[in-house]
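Letter by letter, the chains look like this.
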There are 2 protein chains.
Amino acid sequence: MGVQLLPYSNLIEINKHSAVPIFKQVAEGIVFLIRNGKLKPGYQLPASRDMASMLKINRTTVVSAYEELRLEGWLNVIERKGNFIAQELPVIHPKPLEPLAAKGSKQQEDSNFYKKVAARQVSKRTLSPHQLMINDGYPDARIAPLESIYDRYKFLSKRVHLHSRLLNDSAAGSMSLRTELALFLAKTRALNIEPRHVMVTHGAQLAIFIAASLILRPGSTVIVGDLNYVLADRLFEQMGAKLIKVKVDENGIDVDEIENICKKSPPGLLYIIPHHHHPTTVTLSKERRIKLLDIIRQYRLPVIEDDYDYDFHYENSPILPLASADHKGYVIYIGSISKTLAPTIRLGYLIAGDDLIWQASVFKQMVEIRGDVLFEESIAHLFNTGEMQRHLRKSVKLYKERRDMFCDMLNSCVGNLLHFNMPNGGMAVWATFTPEYSIPDLARRLAEKGIFMNDGSLYRYKDDVNGIRLGFASLNTEEMQKFIGALKECR
Amino acid sequence: MGVQLLPYSNLIEINKHSAVPIFKQVAEGIVFLIRNGKLKPGYQLPASRDMASMLKINRTTVVSAYEELRLEGWLNVIERKGNFIAQELPVIHPKPLEPLAAKGSKQQEDSNFYKKVAARQVSKRTLSPHQLMINDGYPDARIAPLESIYDRYKFLSKRVHLHSRLLNDSAAGSMSLRTELALFLAKTRALNIEPRHVMVTHGAQLAIFIAASLILRPGSTVIVGDLNYVLADRLFEQMGAKLIKVKVDENGIDVDEIENICKKSPPGLLYIIPHHHHPTTVTLSKERRIKLLDIIRQYRLPVIEDDYDYDFHYENSPILPLASADHKGYVIYIGSISKTLAPTIRLGYLIAGDDLIWQASVFKQMVEIRGDVLFEESIAHLFNTGEMQRHLRKSVKLYKERRDMFCDMLNSCVGNLLHFNMPNGGMAVWATFTPEYSIPDLARRLAEKGIFMNDGSLYRYKDDVNGIRLGFASLNTEEMQKFIGALKECR
């Protein structure tokens, strides 16, 4: 008792010197709580004994009060269960919700004390569990070794004597996971790093947020691709930075243009996605990469290198990250574990010099104290046993097959509706539709066929871009056929 | 193959027109990779067949190159296992780590492109798994229903068809958990709210961070308690706000002083912990609460009410949160689920009007996209089955007993070393030691006895405060005896 009850002694005032009988005061107090919404239809009142002890009155007084309320229709008494606020109340005048500054009311002026991050324009659509979802490039959670992670998680949760040590690890993340990541990244990306150069974050987005928070000041300029990952653009603008958009073509971002900008006035930051650029999936060419490294060194240009799906490359060898070359400490490298396992799993990492990692972890502590260290340890175990590496090999093989099949189907069935280039890696195809097929309109028509596709309200790139990322990696053959078939019917 | 190998074709340059034999070029290329740290002792090289295919050369050429390297001492060939970089290398001139701006080197100037959030002064001490940890007020993970959570988590992870719907929930969190929290908070705290007034966050700290980000501008003033929760102070200062410190006494924060400040120049924010204030554990009195609500309404004062352990109250009824009264939408209410389960679990919530929740969730999306929705659903299940409520009842009963026992032991064994008031709720005692016993010194002496206590470097309140929070809730009788016994020996 106690924990889940309202503190009735503070809510119902009893005046023992009043002319109103005490049972009546209690009943009126309860009606008042119902009227102002603190007690809602279906809530259970405490047993009379408990209520009496809280209010420091006689139990029979409470019984009388409850009986009064029952007679007036406020309470339902259910034998052997207790007293419940009636579902159909005799009179209802609920006060407006306290925290709600209702639109059009005189309370509206009060909502000006906080920032408006965005206008309310996103159309909220409900997704039923039986609808097929076309995402913008998620892995297939059905093939991920989620059970191993949860089994390890549960195993660790019982080893409570270990928790204190884990909690005492740096805010930069569990030392086991930092160690495994340093090894894995050195082996796959030629990053010459130690665990102290690794910070684990609750998703790669948080890594971008923290890196940008350390680098940007209000008024800073940021070079971004045109197009670019929308949530990065929004984040930088939210921080008061000014975007300088540089064209992205089939060889990646225009590096000559970056040099021109640096010559005029060195910007505060370059945000770049060299592999499978978001949204267009193009990869920065070798030549541009070398030139960009020169620019970074010459102009001391701070860089956030967002390499969210380096591991998923289907042709030749991937080009090495900027962070693996000589960049004089200016490149902060960011990657994602969510992309290798499942979108429900929120883990990313940030790679940088050890002082920057230390500053970033102090900042991270202010944002979220720490991550779920047991979960981080469970993921470390997955790397340590080699299961993650096996999962990656399996995924790359499967996603390459799916890419080939998806692109074939797009070409042969709906090639006249849209344009795309086959991506050499990643989990999505960047498709631009001909003007007759607007994305919001297509999304509406697909929804009628049981398919949920982003209607462009989440990713609004530009007014004149009628493009969307179509994630193929999470779709099996049957699902692809369903989607492409439905798209074909939209012609 | 492929995924976990370095992209050798980009790392080793082969010139077919050179006078140097190709096997020699390959060997030299590998030595170069070893010298600059991209290949480290113990790394395995690809099988000759795979390397040949990557470099587009003959396999026998690779075999010759590997043999050359073995003879020179760069490689260990292990029968039936493969070719490994030798542990003892013939010559080692590793380049300095790329991302590391080494102190004192000429690279140091390059580390000025990011903000220094804090000076590097925290002494990092390692905690062994066998040491007893005295925390600053954590729940006891040993009694938490962690298994139920992980079982549900695993169950949901297999229901992959549900994931898309969950991912499509608002960034404000899983709708099930928002619904359960709205019910729970209405029943326990008289908050008149609906699910749309609830945002779930990855820990209560993130809720504070997001709320403050929406309210503060550079130069804003924030009223905080003196003393106050250190990580909130640091966060506000990091955001460019100016702290106005208002004395906290045995009845909570000095509300008259808050009124004086508002009269002179209304501040941008009040951050308050009305229940079991951090660090001192005092609770705001009824009278001050009523007066403070008047001030909030009159001066339209935005408030972050941090109510991190409302559920743990051991005397009479708890005072209701400010957020449950008429505050005209100015109070943002924040609570923690980590505090009711275990510190490894990172979940908190933010309660506000629905427009503010919407803005906060757009902001949250920029910070971390979303939480782990499967985990949020698992916690919702715990509320839904009533297991959370039973766990809370059990915890409150146990922690009350532990508080009583801990305070008895402190009084009878080490009463002359320190001063404290028995807290009426929460999980810690605020103890101030006499000047002879400095906290860092005590921590050092306790460490020798196998006890890990914060040495004050994490929470440095003020130079003249020799106080620390001693968490009792997570200690069983034996652990309390060990700690108090060790403290006694420090006299």
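No experiment lies behind these values; they were computed from the predicted model shown. (Residues numbered from 1 in each chain as written. Chains lettered and ligands numbered in written order. Predicted model: local features only at pLDDT ≥ 70, side-chain atom pairs only at ≥ 80, totals over all residues. Heavy atoms only, no water.)

Digging into the overall build of chain A
Right, on to step 1. For chain A, the count of helices and strands is 16 helices and 15 strands.
Right, on to step 2. A compact globule built from 491 residues would reach a C-alpha radius of gyration of about 23 Å, whereas chain A, at 29 Å, exceeds it by more than 25%.
Right, on to step 3. Once the C-alpha set of chain A is aligned to its principal axes, its extents read approximately 90 × 60 × 50 Å.
Right, on to step 4. When burial is assessed residue by residue, chain A has 62% of its 491 residues classed as buried.
Right, on to step 5. The long-range share in chain A, meaning contacts at least 24 apart out of those at least 6 apart in sequence, stands at 72%.
Right, on to step 6. Put simply, chain A shows about 19,400 Å² of open surface, and 50% of that area lies on carbon and sulfur atoms.
Right, on to step 7. Distance between charge centroids for chain A: 4 Å, based on 63 positive and 55 negative side chains. (Helix = DSSP H or I, 4+ residues; strand = E, 2+ residues; numbered from the N terminus. Rg over C-alpha atoms; globule rule 2.2 N^0.38 Å. Buried < 20%, exposed > 50% of the residue type's maximum accessible area, 1.4 Å probe, protein only. Contact = heavy atoms within 4.5 Å. Areas by Shrake-Rupley, 256 points an atom, 1.4 Å probe, with all protein chains shown as cover. Lys, Arg positive; Asp, Glu negative; His and termini not counted. Charge placed at Lys NZ, Arg CZ, Asp CG, Glu CD.)

Focus on the interface of chain B and chain A
Right, on to step 1. Facing the 128 residues of chain B at the interface are 129 residues of chain A.
Right, on to step 2. Where chain B packs against chain A, one counts 8 salt bridges.
Right, on to step 3. Note that A:Lys40 is salt-bridged to B:Glu194, the shortest N-O span being 3.7 Å.
Right, on to step 4. Linking chain B with chain A are 38 residue pairs in polar contact (both at pLDDT 80 or more), by the criterion used here.
Right, on to step 5. In terms of residue class, the side of chain B that touches chain A is made up of 63 nonpolar, 30 polar and 35 charged. (Salt bridge = Lys/Arg side-chain N within 4 Å of Asp/Glu carboxyl O. Polar contact = N/O pair within 3.5 Å; in protein donor to acceptor, adjacent residues only side chain to side chain. Nonpolar A, V, L, I, M, F, W, Y, C, P; charged D, E, K, R; others polar.)

Regarding the pairing of strand β10 (residues 331-336) of chain A
Residues and elements named next belong to chain A.
Right, on to step 1. By the criterion of burial, β10 is predominantly enclosed, with 6 of the 6 residues buried.
Right, on to step 2. Burial along β10 is two-sided: the residues Val-331, Tyr-333 and Gly-335 and Ile-332, Ile-334 and Ser-336 are all buried.
Right, on to step 3. Alignment of strand β9 (residues 303-306) against β10, held across 4 bridges, turns out to be parallel. Within β10, the position partnered with Asp-306 by the bridge is Ile-334.
Right, on to step 4. The pairing of β10 with strand β11 (residues 348-351) spans 4 bridges and is antiparallel. From the neighbouring strand, Ile-334 faces β11, where its bridge partner is Leu-350. (Pairing = 2+ DSSP bridges.)

Notes on the confidence of the model for chain A
Right, on to step 1. Confidence in the prediction of chain A, expressed as mean pLDDT, is 88, and 93% of residues score 70 or more.
Right, on to step 2. For residues 92-109 of chain A, every residue scores under 50 in pLDDT, and the model assigns this stretch 36 contacts once sequence neighbours within four places are set aside. (pLDDT = per-residue confidence, 0-100.)

Considering the relation of the copies chain B and chain A
Each of the two chain copies goes to the other by way of a rotation about an axis and a shift along it.
Right, on to step 1. Once chain B is rotated about the relating axis by 180 degrees and shifted along it by 0.0 Å, it coincides with chain A to within an RMSD of 0.1 Å. Taken together, the rotation and translation relating the two chain copies correspond to the operation of a two-fold axis. Residue B:Tyr150 of chain B places its C-alpha closer to the rotation axis than any other residue of that unit, at 3.4 Å.
Right, on to step 2. Residue by residue, 100% of the interface of chain B is reproduced at the interface of chain A, so both copies engage with the same surface. (Least-squares fit on C-alpha atoms with pLDDT ≥ 70 in both.)

Notes on the UniProt feature "domain: HTH gntR-type" (unreviewed entry) in chain A
Right, on to step 1. Mapped onto the present numbering, the UniProt feature "domain: HTH gntR-type" (unreviewed entry) falls on residues 20-88 of chain A.
Right, on to step 2. Annotated as 51% helix and 12% strand, the span residues 20-88 of chain A places its first and last C-alpha atoms 27 Å apart. (UniProt positions renumbered as here; feature names shortened; annotations may be inferred.)

A few points about the sheet that holds strand β12 (residues 418-419) of chain B
Residue and element names in this part refer to chain B.
Right, on to step 1. Strand order in the open sheet formed by 3 strands is β12-β13-β15, and the pairing between neighbours is antiparallel. Each of the sheet's edge strands pairs with one partner strand only, and the pair in question is β12 and β15 (467-471).
Right, on to step 2. Both β12 and strand β13 (residues 428-433) contribute to a ladder of 2 bridges, which runs antiparallel. Paired with Leu-418 across the bridge in β13 is Phe-433.

A look at unusual backbone geometry
Right, on to step 1. With an omega of 10 degrees, the peptide bond running from A:Asp226 to A:Leu227 counts as cis.
Right, on to step 2. Within the element layout of this structure, A:Leu227 appears in the loop between β5 (221-226) and α9 (230-238).
Right, on to step 3. B:Pro279 follows B:His278 through a cis peptide bond whose omega is 10 degrees.
Right, on to step 4. With a phi angle near 55 degrees, B:Ala190 is a residue other than glycine that sits in the positive phi range.
Right, on to step 5. According to the relative accessible area criterion, B:Ala190 is buried, its value standing at 1%.
Right, on to step 6. Positive phi is not limited to glycine here, since B:Lys328 has a value of about 60 degrees.
Right, on to step 7. B:Lys328 gets classed as partly exposed once you look at its relative accessible area, which sits at 29%.

A closer look at the packing of aromatic side chains
Right, on to step 1. The final tally for this structure, using the stated rule, is 26 aromatic pairs over all chains.
Right, on to step 2. Ring centres 5.1 Å apart and planes at 80 degrees place the aromatic pair A:Phe113 and A:Tyr114 in the edge-to-face group. As far as the burial class goes, A:Phe113 and A:Tyr114 line up, both buried.
Right, on to step 3. Between B:Phe312 and B:Tyr399 the ring centres are 5.6 Å apart and the planes differ by 35 degrees, which places this aromatic pair in the tilted class. Taken together, the residues B:Phe312 in the loop between β9 (303-306) and β10 (331-336) and B:Tyr399 in helix α14 (residues 387-414) connect sequence positions 87 residues apart.
Right, on to step 4. Among the aromatic side chains, those forming a connected cluster through ring pairs are A:Tyr150, A:Tyr153, A:Phe375, B:Tyr150, B:Tyr153 and B:Phe375.
Right, on to step 5. Cation over ring: A:Arg159 sits above A:Phe155, and NZ or CZ is 3.9 Å from the ring centre. (Phe/Tyr/Trp six-rings, centres within 6.5 Å; stacked < 30°, edge-to-face > 60°. Lys NZ or Arg CZ within 6 Å of the ring centre and 35° of its normal.)

Here's the deal with the side chain of B:His313
Residues and elements named next belong to chain B.
Right, on to step 1. Mapped onto the elements, His-313 comes out in the loop between β9 and β10.
Right, on to step 2. A polar side-chain atom of His-313 sits 3.0 Å from a polar atom in the side chain of His-276.
Right, on to step 3. Once residues within four sequence positions are removed from consideration, His-313 is found in contact with His-275, His-276, Pro-318, Val-396, Asn-424 and Gly-425.

Some thoughts on helix α13 (residues 373-384) of chain B
Residue and element names in this part refer to chain B.
Right, on to step 1. Under the 1.5 Å per step criterion, the end-to-end length of α13 is 16 Å for 12 residues, consistent within 8% with the ideal 16 Å.
Right, on to step 2. With 10 of its 12 residues buried, α13 lies for the most part within the structure.
Right, on to step 3. Those residues of α13 lying buried are Val-373, Leu-374, Phe-375, Glu-376, Glu-377, Ser-378, Ile-379, Ala-380, Leu-382 and Phe-383.
Right, on to step 4. Two or three places before Leu-374, at the opening of α13, Asp-372 has a side-chain oxygen 3.2 Å from that residue's backbone nitrogen.
Right, on to step 5. Just downstream of α13, Gly-386 is the residue with a positive phi angle, here 85 degrees. (Expected span 1.5 Å × (residues − 1).)

Some details on the domain arrangement of chain A
Right, on to step 1. Domain annotation of chain A identifies domain 1 (8-85), domain 2 (132-139 + 391-489) and domain 3 (146-386).
Right, on to step 2. Once you take the C-alpha centre of each, domain 1 of chain A and domain 3 of chain A turn out to be 58 Å apart. (Domains from an automatic or database assignment.)

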